[in-house]
2 protein chains.
Amino acid sequence: MREFIPPATRFVDLPDGFPMKRGGTLHGARIGYETYGRSNGARDVILILTGLSADAHPASHPDDPSPGWWEAMLGPGKPIDTDRWQVICINSLGSCKGSTGPASTDPGTGEPYRLDFPDLTVEDIADAAAYTVRALGIERVDCVIGASMGGMSALALLARHPGIARNHINISGAVHSLPFSIAIRSLQREAIRCDPHWNQGRYHAERYPQRGMLTARKLGIATYRSAQEWEDRFGRARLSTERRTGKELFGLEFEVESYLEFHARRFLHEFDPNSYLYLSHSIDQFDLGECCGSTPREALSWLRLEKALVLGVETDILFPLKQQQQIAEGLRAGGTDVQFVPLESPQGHDAFLVDIDRFGPPIAKFLSSS
Amino acid sequence: MREFIPPATRFVDLPDGFPMKRGGTLHGARIGYETYGRSNGARDVILILTGLSADAHPASHPDDPSPGWWEAMLGPGKPIDTDRWQVICINSLGSCKGSTGPASTDPGTGEPYRLDFPDLTVEDIADAAAYTVRALGIERVDCVIGASMGGMSALALLARHPGIARNHINISGAVHSLPFSIAIRSLQREAIRCDPHWNQGRYHAERYPQRGMLTARKLGIATYRSAQEWEDRFGRARLSTERRTGKELFGLEFEVESYLEFHARRFLHEFDPNSYLYLSHSIDQFDLGECCGSTPREALSWLRLEKALVLGVETDILFPLKQQQQIAEGLRAGGTDVQFVPLESPQGHDAFLVDIDRFGPPIAKFLSSS
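Further remarks concern the overall build of chain A. The secondary structure content of chain A amounts to 12 helices and 14 strands. Its C-alpha atoms give chain A a radius of gyration of 20 Å, within 12% of the compact-globule value 21 Å for 370 residues. Out of the 370 residues in chain A, the part that is buried amounts to 57%. Taking the intrachain contacts of chain A between residues at least 6 apart in sequence as the baseline, contacts between residues at least 24 apart amount to 70%.

Residue and element names in this part refer to chain A. Taken in spatial order, the eight strands of this open sheet run β1-β4-β8-β5-β11-β12-β13-β14, and their pairing is mixed. Two strands close off the open sheet at either side, each with one partner strand: β1 (10–13) and β14 (337–343). The sheet shows a mean angle of 20° between the axes of neighbouring strands, direction not considered. Note: strand β4 (residues 30–36) against strand β8 (residues 86–90), four bridges, orientation antiparallel. When the bridges of β8 are listed, Tyr33 appears paired with Ile90. Packing of helix α2 (residues 149–160) onto the sheet brings it into contact with β5 (45–49), β11 (141–147) and β12 (165–171), and relative to β11 it is tilted by some 140°. Those strands touched by helix α12 (residues 356–368) are β11, β12, β13 (307–313) and β14, and its axis lies near 175° from that of β13.

Turning our eyes to something else, we now look at the relation of the copies chain A and chain B. If you rotate chain A by 180° and push it 0.0 Å along the axis, it lands on chain B with an RMSD of 0.0 Å. On the angle and the small slide along the axis, the relation comes out as a two-fold axis. Most of the interface of chain A is mirrored in chain B, where 100% of its interface residues are also at the interface.

In this section: the pairing of strand β4 (residues 30–36) of chain B. All names here are of chain B. Among the seven residues that make up β4, six are buried, leaving the element largely enclosed by the rest of the structure. By the bridge criterion, four bridges tie strand β1 (residues 10–13) to β4 in an arrangement that is antiparallel. Paired with Arg10 across the two strands is Tyr33, which belongs to β4.

You can see Ile48 of chain A is positioned in strand β5. Contact partners of Ile48 of chain A, with chain neighbours within four places excluded, come to Pro58, Val87, Cys89 and Ile145 of chain A.

A separate point is unusual backbone geometry. In this structure, Gln200 of chain A takes a positive phi of about 55° despite not being glycine. With a phi angle near 60°, Asn199 of chain B is a residue other than glycine that sits in the positive phi range. As for its position among the elements, Asn199 of chain B is in the loop between α3 (179–193) and α4 (210–224). The exposure class assigned to Asn199 of chain B is exposed, which follows from the 12 C-beta atoms found within 10 Å.

This part is about the sheet that holds strand β13 (residues 307–313) of chain B. All names here are of chain B. Ordered by their spatial adjacency, eight strands build an open sheet running β1-β4-β8-β5-β11-β12-β13-β14, and the pairing between neighbours is mixed. Each edge of the open sheet is held by one strand with a lone partner, namely β1 and β14 (337–343). With strand direction ignored, the average angle separating the axes of adjacent strands in the sheet is 20°. Looking at chain direction, strand β11 (residues 141–147) and strand β12 (residues 165–171) are connected through six bridges and run parallel. When the bridges of β12 are listed, Gly146 appears paired with Asn170. Of the strands in this sheet, β11, β12, β13 and β14 are in contact with helix α12 (residues 356–368), which crosses β13 at around 175°.

With that settled, the discussion passes to the pairing of β5 of chain A. Residue and element names in this part refer to chain A. Within β5, five of the five residues are buried, which leaves it mostly tucked inside the rest of the structure. Residues Val45, Leu47 and Leu49 point to one face of β5 and Ile46 and Ile48 to the other, with burial holding for every one of them. Strand direction decides the pairing type here: β5 and β8, joined by five bridges, are parallel. Its bridge partner being in β8, Leu49 is matched across the sheet by Ile90.

All names here are of chain B. Here α3 crosses α4 at 160°, and the two axes come no closer than 7 Å. Here α3 lies roughly antiparallel to α4, going by the angle between them. Like other packed secondary-structure pairs, α3 and α4 cross with a definite hand, here right-handed. Of the residues in α4, those in contact with Ile184, Leu187, Gln188, Ala191 and Ile192 of α3 are Gly212, Met213, Thr215, Ala216, Leu219, Gly220 and Thr223. Of the residues contributing to the contact of α3 with α4, the split by class is seven nonpolar, five polar and no charged.

It is worth spelling out helix α3 (residues 179–193) of chain A at this point. With 15 residues, α3 of chain A extends 20 Å between its outermost C-alpha atoms, agreeing within 8% with the 21 Å of an ideal straight helix rising 1.5 Å per residue. With 15 of 15 residues buried, α3 of chain A lies mostly within the body of the structure.

What follows concerns the confidence of the model for chain A. Of the residues in chain A, 97% reach a pLDDT of 70 or more, and the chain-wide mean stands at 94. Scored by ipTM, the complex comes to 0.91, with pTM at 0.94.

Another point: helix α4 (residues 210–224) of chain A. For an α-helix, 3.6 residues make a turn, and residues three or four places apart therefore share a direction. An ideal rise of 1.5 Å per residue puts 21 Å on 15 residues; α4 of chain A measures up with 20 Å between its terminal C-alpha atoms. Here α4 of chain A lies mainly inside the structure; 13 of its 15 residues are buried.

Contacts between the two partners involve 40 residues from chain A, matched on the other side by 40 residues from chain B. If you list the elements that add at least two residues to the side of chain A that touches chain B, you get α3, α4, α5 (227–233), α6 (255–267) and α7 (273–285) of chain A. Counting residues per element, the side of chain A that touches chain B draws most heavily on α3 of chain A, at 11 residues. Looking at side-chain class alone, the side of chain A that touches chain B contains 24 nonpolar, five polar and 11 charged residues.

Quick look at the domain arrangement of chain A now. Residues and elements named next belong to chain A. Per the domain assignment, the segments of chain A are domain 1 (10–178 + 287–368) and domain 2 (182–274). Here the C-alpha centroids of domain 1 and domain 2 sit 27 Å apart. Each side of the interface is counted separately: domain 1 has 16 residues, and domain 2 has 15 residues. When grouped by side-chain class, the residues that make up the side of domain 1 that touches domain 2 number seven nonpolar, seven polar and two charged.

Residues and elements named next belong to chain A. Two elements in contact, helix α1 (residues 122–135) and α2, have axes whose closest approach is 8 Å; the angle formed by their N-to-C orientations is 65°. One finds that α1 runs roughly perpendicular with respect to α2. Once α1 is placed against α2, the crossing between them reads as right-handed. Here α1 contributes Val122, Glu123, Ile125, Ala126, Asp127, Ala129 and Ala130 to the contact with α2, which in turn contributes Met152, Ser153, Ala156, Leu157 and Arg160. A class-by-class count of the residues in the contact of α1 with α2 yields eight nonpolar, one polar and three charged.

So, how was this worked out
Residues numbered from 1 in each chain as written. Chains lettered and ligands numbered in written order. Predicted model: local features only at pLDDT ≥ 70, side-chain atom pairs only at ≥ 80, totals over all residues. Helix = DSSP H or I, 4+ residues; strand = E, 2+ residues; numbered from the N terminus. Rg over C-alpha atoms; globule rule 2.2 N^0.38 Å. Buried ≥ 20, exposed ≤ 12 C-beta atoms within 10 Å, placed from the backbone. Contact = placed C-beta atoms within 7 Å. Pairing = 2+ DSSP bridges. Axes fitted to C-alpha atoms, helices over the stretch in contact; angles between N-to-C directions. Least-squares fit on C-alpha atoms with pLDDT ≥ 70 in both. Parallel < 35°, antiparallel > 145°, perpendicular 65-115°, else oblique. Left-handed = near helix turned anticlockwise from the far one by under 90°. Nonpolar A, V, L, I, M, F, W, Y, C, P; charged D, E, K, R; others polar. Expected span 1.5 Å × (residues − 1). pLDDT = per-residue confidence, 0-100. Domains from an automatic or database assignment.

Here it is in structure tokens:
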């Protein structure tokens, strides 16, 4: 198992016997995080909870100048302005980018957990994030930002740890998954599980479940973006003959196929397949209503926030815009001062990563008014 | 290789040395078809060209009382009224439901063609259909109906065989595939090709590429329908404990996952994986503009039709509604009297198979005015 931990990532040890919601406890577990900007008291802290595959390195850092996954969004003078805020970004529990997950060593056996890792829930991710923040001496953050799966983690955090944040930015998030996105993720997991090299989680580096991971990632990419974006970018452009791989009848022929292949291959060997399964599964399982023993709407209305910004994208087919509208309405019903901003990005669910022109201004404005 | 040919399917032999557009010829090939209703001259004939996986048995038949894939649409007194029309439904060249395809025996070797079948195009399917119609003594049909891939085959037929039909009904069709649907089909083919049991097409019945076919079919089902339909049908309903398959962490848990599994398993062993690859690939390759050495719009305007009905569905993500609008506008530009009817079916691309309440009336009305 290769290590995927960015150099600026630091660690907080979780308490021994950290309890998992669906059963089991973790011993010797830790959470990876990075901090950005100056620290001058808890009031000025922004907490970022991430999507499924992200690490704790959203932007270049004094200890790690490599660009992060939100490079254009976070830094001095950027929408999340590290001249003003101290920013903490947390790698989710269960991931493989610094926090303890299925690829970590089980201290009970000295071997990687693999499928012996306890069933993971979004609530566990939220609890571990809350512990991390408090271990860093922060009782209350000014704003918790969560995008995609991080939007779910943020809602779970707010529900289970009242008072941990004054304000909230929810980006392309949801109170739970709808059946189309469950179906897509179920298929992604199936592709990994059915790769013989996966071997019930006991894969080896030299027999990595490459085919399953490629298919899973391609299906992810196909649904993270939008049909319109691809039509504009690729149309029906074909690969030149020399760029076609293999001579077989069903090899890559269109630019869009090459794009999927290229981006999926970049992801290979950079993410633990078991971690992918656990995180993906936790997204399907999460339900803010169940989490609070109520309906999603009521659970949202119980969250005690001063202000919230809810952003979503019309072309998102995985976390469709009506789910962000649902979050906005539920928070508003509880008395939160909510701005709901639907955006016309063509990039679908992934727009928050790339369409900084649309996402940056409302985030900058919301934070500057805090 | 099991046979999948419905009992009422009859055959027309293609001429020996049938030329394929991308090279190669077929020897001893045949086309499977079924006929419905009375025959009283060519003026009263309706020709049906089908989607990827359909056979030539759209409805119950005196020689085969089993229900067909368009049972509610076709028959005495139904929208396609066999009391009035003689209907011919053709199984596509390259399929495995009666027409010659990769599972058929290559007379040159005495073995199944498998991947030695020549590259298949929608144009070949159209040419074989035209030959079949004429071999049955029909110079001109009153109306050619094509749905999904059949909508492409119908356009190719009209372009390559001017005068073969007076009128046309195009249902959820397109002049070519857009990159999102190419990506989805490319992934389906990849799932089959990467199943070790597929074995470069040389699979055996006892080592059938079941996993690849299941994944391919599930991905098909996931995109043939719409997110809204699934939300209405399944929501987040979970399977009862006794219906969960296996006890493993990532087994089926939601109703939507069980639905995919059930319908994909029904498809298993009923379709030749190689045939699936060839037909799927031909959909991606087809381009009516290329087919005519022009643009799609100009190619459409060249089609000589009296009337056309173009139907599509707002929730279709594979052949989106704007593609049917494109067909309608192109035909209209050429002087065809076109009705374009967008439908609000929640069932996505597959709506024409199940939402007969919406599809039946415009089809019945169009045909009754012919």
